[in-house]
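Take a look at the letters that make up each chain.
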Amino acid sequence: MTRDADIYDLLSKWMDRTITVRESEALRSRLRLMTDEELAFFLSLLWEEKGREKAMANEDTLRLMLSEIRRKTRKERIVTMCRGWARAAAVLLIPLLSALSFYLYFNPVQDERVGMGDLVVRAEKGERSGITLPDGTKVKLNAESSLSYAPDFGEDIRQVNLKGEAYFEVERDESRPFVVRTGYLDVEVLGTCFNVYSYEEEDVMEMTLISGRIKIRRHAVPSDEIYLSPNEKALFDKRSGLLTVEKTDNRFETAWLRGDLVFRSARLLDVLAKIERKYGMNIHLGDSSIADDLFTGNFDGEYVVDAMELLRRHYGFTYEMQGDDIYIMP
């Protein structure tokens, strides 16, 4: 009975969006061990308590979630549940099931805690993740990215460490600045929305301001500071140490949040690297003559084959897919 109560309590917190990182992992672990019938029972109880209106409050978002589930997850859970229930109950609970499936499979936040060390949240290759920090700040992680923060986060300063790409919606608190630390730069804000692109294997870092104001400070000497206004982007070249600012289009900079890949005069090798990251594939380019060709275009397809077909038509190459590997041939 205690175990059942715990599961119900965790599901209730998940639905109310009050669940913590540690509780999220506990819920995810337990749900993976549950049968469809057990899950159906708990969701029906939740439905009776929370009501249909709340569950349907964001129907458009749930529909988008379901679209991603069709690409990335098992379909059996929803199908089996619909067969086992009366038609009316199935129709009412599908939004809950869609969101829960998204939570379990499309958005697999991974957190780690070693002793009293930092909490680490990861998004693996081919995944995107999201987390709400203890202060209420919302963070969305792009593929192959990680965010870490100390157990005492927010007591004196709100500081996180980022590897990869993340979008931040910072909860305003003038007494406690919010700092994003990367390998070369610190980004400090009070309350704003911004995007940080900081993959270790790439030579250029980018910080884009959506709203508010941010301060960027370089670690190395000279540790100069620059400030960004909305629709501005700072670029830091790791090789030269040069830090510059330019105007930008925020829809372009945050395209990954919508599941899009947008390129402006990008080398084909860089284009393929981002396709690998988004779709969780390994791409082998067997035609070096086009590696440095500059490509401009937009990929908004649900499947990796959509992107590959666009490139095939543009460059005239052939390709072969074998599991998670794609081989490009002249």
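See the structure above.
Keep in mind it's a predicted model, so treat the numbers as computed, not measured.

**With respect to the overall build of the protein chain**
Secondary structure assignment for the protein chain yields ten helices and 19 strands. When the 330 residues of the protein chain are sorted by exposure, 46% land in the buried category. Within the protein chain, contacts between residues separated by at least 24 positions form 50% of all contacts whose residues are at least 6 apart in sequence. When the accessible surface of the protein chain is totalled, it reaches about 16900 Å², and 49% of it is carbon and sulfur.

**Description of the packing of aromatic side chains**
In this structure the tally under the stated criterion is eleven aromatic pairs. Taken together, Tyr 149, Phe 153, Phe 168, Phe 178 and Phe 194 form an aromatic cluster joined through their ring pairs. In this arrangement the basic side chain of Arg 264 is found over the ring face of Phe 252, its NZ or CZ atom lying 4.0 Å from the centre. Across from the ring centre of Tyr 199, 3.5 Å away, lies the NZ or CZ of Arg 277, which sits over that ring.

**Quick look at the pairing of strand β17 (residues 294-299)**
The side-chain alternation of β17 yields one buried face, formed by Phe 295, Gly 297 and Phe 299, and one unburied face, formed by Leu 294, Thr 296 and Asn 298. One ladder, built from five bridges, connects strand β15 (residues 261-267) with β17; its direction is antiparallel. Looking at the pairing, Val 262 lines up with Asn 298 of β17.

**Some thoughts on the nonpolar core**
Among the nonpolar cores identified, the biggest contains 32 residues, and Leu 133, Leu 147, Val 160, Phe 168, Phe 178, Phe 194 and Ile 216 are the most heavily contacted of them. Sequence-distant contacts of Phe 178, defined by excluding residues within four places in its chain, comprise Leu 133, Asp 135, Thr 137, Phe 153, Arg 158, Val 160, Phe 168, Val 170, Val 187, Glu 188 and Val 189. Residues Leu 272, Tyr 279, Met 281 and Phe 295 belong to the second largest nonpolar core, which totals 22 residues.

**Quick notes on the pattern of salt bridges**
Counting across every chain of the model gives 21 salt bridges. Note that Glu 202 is salt-bridged to Arg 277, the shortest N-O span being 3.3 Å. Taken together, the residues span a long stretch of sequence, with Glu 202 in the loop between β9 (193-198) and β10 (204-211) and Arg 277 in helix α9 (residues 268-279) at a distance of 75 residues. Members of the salt-bridge network, linked through shared partners, are Arg 181, Asp 186, Glu 188, Lys 215 and Arg 217.

**Details of the environment of Asp 152**
With respect to the helices and strands, Asp 152 occurs in the loop between β5 (145-149) and β6 (158-169). Taking C-alpha positions, Asp 152 is 9.3 Å from Asp 118, a pair spaced 34 residues apart along the chain.

**Comments concerning the sheet that holds strand β19 (residues 325-329)**
Across the sheet, three strands lie side by side as β16-β19-β18; this open sheet has mixed pairing. The sheet is open, and its two edges are formed by β16 (282-285) and β18 (318-322), each paired on a single side. Strand-to-strand twist in this sheet, taken as the mean axis angle between neighbours without regard to direction, amounts to 20°. The sheet contact formed by β18 and β19 spans five bridges and is antiparallel. Along β19, the bridge assignment pairs Thr 318 with Met 329. Contacts between α9 and the sheet are confined to β16 and β19, with β16 contributing the most and set at about 155° to the helix.

**Comments concerning a negative patch on the surface**
A cluster of acidic residues, Asp 118, Asp 152, Glu 155 and Asp 156, forms a negative patch at the surface. For Asp 156, the location among the structural elements is in the loop between β5 and β6.

Rules of the game
Residues numbered from 1 in each chain as written. Predicted model: local features only at pLDDT ≥ 70, side-chain atom pairs only at ≥ 80, totals over all residues. Heavy atoms only, no water. Helix = DSSP H or I, 4+ residues; strand = E, 2+ residues; numbered from the N terminus. Buried < 20%, exposed > 50% of the residue type's maximum accessible area, 1.4 Å probe, protein only. Contact = heavy atoms within 4.5 Å. Areas by Shrake-Rupley, 256 points an atom, 1.4 Å probe, with all protein chains shown as cover. Phe/Tyr/Trp six-rings, centres within 6.5 Å; stacked < 30°, edge-to-face > 60°. Lys NZ or Arg CZ within 6 Å of the ring centre and 35° of its normal. Pairing = 2+ DSSP bridges. Core = buried A, V, L, I, M, F, W, Y, C linked by side-chain atoms within 4.5 Å. Salt bridge = Lys/Arg side-chain N within 4 Å of Asp/Glu carboxyl O. Axes fitted to C-alpha atoms, helices over the stretch in contact; angles between N-to-C directions. Patch = residues over 30% accessible without salt bridge, like charges linked within 9 Å, V, L, I, M, F, W, Y side chains within 5 Å. Lys, Arg positive; Asp, Glu negative; His and termini not counted. Charge placed at Lys NZ, Arg CZ, Asp CG, Glu CD.

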